[in-house]
Amino acid sequence: MVARILIVEDEAKLAQFIELELQYEGYEVTIATDGFTGLTQARELNPDLLILDWMLPGISGLEICRRLRQTNNTIPVILLTAKDEISDRVEGLDAGADDYVVKPFSIEELFARVRAHLRRNHEEETDTFQFSDLKLNTSTREVCRRDRAIELTAKEFELLRYLLLHPRQVLTRDQILERVWGYDFMGDSNIIEVYIRYLRLKLEEKGEPRIIQTVRGVGYVLRE
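Residues numbered from 1 in each chain as written. Predicted model: local features only at pLDDT ≥ 70, side-chain atom pairs only at ≥ 80, totals over all residues. Heavy atoms only, no water.

### With respect to the packing of aromatic side chains
In step 1: A full pass over the atoms with the stated rule returns 2 aromatic pairs.
In step 2: Pairing W54 with Y100 gives two aromatic rings, centres 6.4 Å apart and planes at 85 degrees, and the pair type is edge-to-face. Pair noted here: W54 is in the loop between β3 (49–53) and α3 (61–70) and Y100 is in strand β5 (residues 99–102), with a separation of 46 residues, a long-range link.
In step 3: Consider the rings of Y195 and Y198, whose centres lie 5.4 Å apart with planes at 70 degrees: the pair is edge-to-face. Of this pair, Y195 and Y198 both sit in helix α8 (residues 191–203), separated by 3 residues, roughly a single helical turn.
In step 4: Above the plane of the ring of F157 lies R141, whose end atom (NZ or CZ) is 3.9 Å from the centre. (Phe/Tyr/Trp six-rings, centres within 6.5 Å; stacked < 30°, edge-to-face > 60°. Helix = DSSP H or I, 4+ residues; strand = E, 2+ residues; numbered from the N terminus. Lys NZ or Arg CZ within 6 Å of the ring centre and 35° of its normal.)

Pasting the structure below:
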């Protein structure tokens, strides 16, 4: 199925450039040039992803984001803006944006963000994951191994789910940090090792074989 992308951008040349590049990549694209039209189309077209300029005629991209989230609309939103202060990024993310790209930007970077959010959105359509004797249900947030229920914290659950999305695939520390903790994470650099240890303790509590393996110098992989 072709992904549908809505661009809300009042700079005509920029909007058309992004549109042509996205169409070349095989996406179905719609453009709105003011805030009110953008909000209406986001609600009526129900696109798979929204590329949204912050400063727009009518109502701002930030306000569009807030109104969509107030009605529980979960469309992924990439916010485009010339504002590059940390406080601006925080304001954009707090309004409900999923990502934040500062102008001027590389079209390759924007497309990488588009692909990542579309892939993530598709992945989240799946409720149940299973690998070997391990099962995880995203709807009920239940995890079990050999029919043994396992209680996980929110972050442990996210980390395990990410591993289950990519069984037998070696995931680097950078990939895990970006997907589970966010690309702008600035915390303890050993956080992944700590949470992998927590997961292993819980998954192997009754002597079950290890399925989260360390690939030294690279990252981790889910395999028997």
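Picking up where we left off.
### Re the packing of helix α6 (residues 154–165) against α8
In step 1: Between α6 and α8, the least distance of the axes is 10 Å, while the angle of their chain directions is 85 degrees. Taken together, the axes of α6 and α8 are roughly perpendicular relative to one another. Contact residues: K155, E156, L159, L160 and L163 in α6; Y195, I196, Y198, L199, K202 and L203 in α8.
In step 2: The residue makeup of the contact of α6 with α8, split by class, is 8 nonpolar, no polar and 3 charged. (Axes fitted to C-alpha atoms, helices over the stretch in contact; angles between N-to-C directions. Parallel < 35°, antiparallel > 145°, perpendicular 65-115°, else oblique. Contact = heavy atoms within 4.5 Å. Nonpolar A, V, L, I, M, F, W, Y, C, P; charged D, E, K, R; others polar.)

### Quick look at the sheet that holds strand β2 (residues 28–32)
In step 1: Within the open sheet, the 5 strands sit side by side as β2-β1-β3-β4-β5. Their pairing is parallel. Edge positions in the open sheet fall to β2 and β5, since each of these has one partner strand only. Across the sheet, the axes of successive neighbouring strands diverge by a mean angle of 20 degrees, strand direction being ignored.
In step 2: Here strand β1 (residues 4–8) pairs with β3 via 4 bridges, running parallel. Considered in β3, the bridge of I5 is made with L49.
In step 3: Here α3 sits on the sheet in contact with β1, β3 and β4 (77–81), set at roughly 145 degrees to β3. (Pairing = 2+ DSSP bridges.)

### Describing the sheet that holds strand β7 (residues 134–137)
In step 1: The strand order across the open sheet formed by 4 strands is β6-β7-β8-β9, and the pairing between neighbours is antiparallel. Since the sheet does not close on itself, it has two edges, and those belong to β6 (128–131) and β9 (148–150), each with one partner. Taken over all neighbouring pairs, the strand axes of this sheet differ in orientation by 20 degrees on average, direction set aside.
In step 2: Sheet topology note: the strand β8 (residues 142–145)/β9 ladder contains 3 bridges and is antiparallel. Pairing of C144 across the sheet is with A149, part of β9.
In step 3: Packed on one face of the sheet, α6 meets β6, β7 and β8 and runs near 115 degrees to β7.
In step 4: Lying on the sheet, α8 is in contact with β7, β8 and β9; it crosses β9 at an angle near 155 degrees.

### Brief notes about helix α1 (residues 12–24)
In step 1: The end-to-end C-alpha separation of α1 is 18 Å, in line with the 18 Å expected for 13 residues at 1.5 Å each.
In step 2: Those residues of α1 lying buried are L14, A15, I18, E19 and L22. Angularly, the buried residues of α1 cover 130 degrees about the axis, an arc narrow enough to put them on a single face. The outward face of α1, more than 90 degrees from its buried face, is lined by the exposed residues K13, L20 and Y24. (Expected span 1.5 Å × (residues − 1). Buried < 20%, exposed > 50% of the residue type's maximum accessible area, 1.4 Å probe, protein only. Arc of directions from axis to C-beta.)

### Remarks on the environment of E109
In step 1: Note that E109 resides in helix α5 (residues 107–123).
In step 2: C-alpha of E109 to C-alpha of W54: the two residues are 55 residues apart in sequence and 18 Å apart in space.

### Re the domain arrangement of the protein
In step 1: The assigned domain composition of the protein is domain 1 (4–124) and domain 2 (128–222).
In step 2: For domain 1 and domain 2, the distance between their C-alpha centres works out to 31 Å. (Domains from an automatic or database assignment.)

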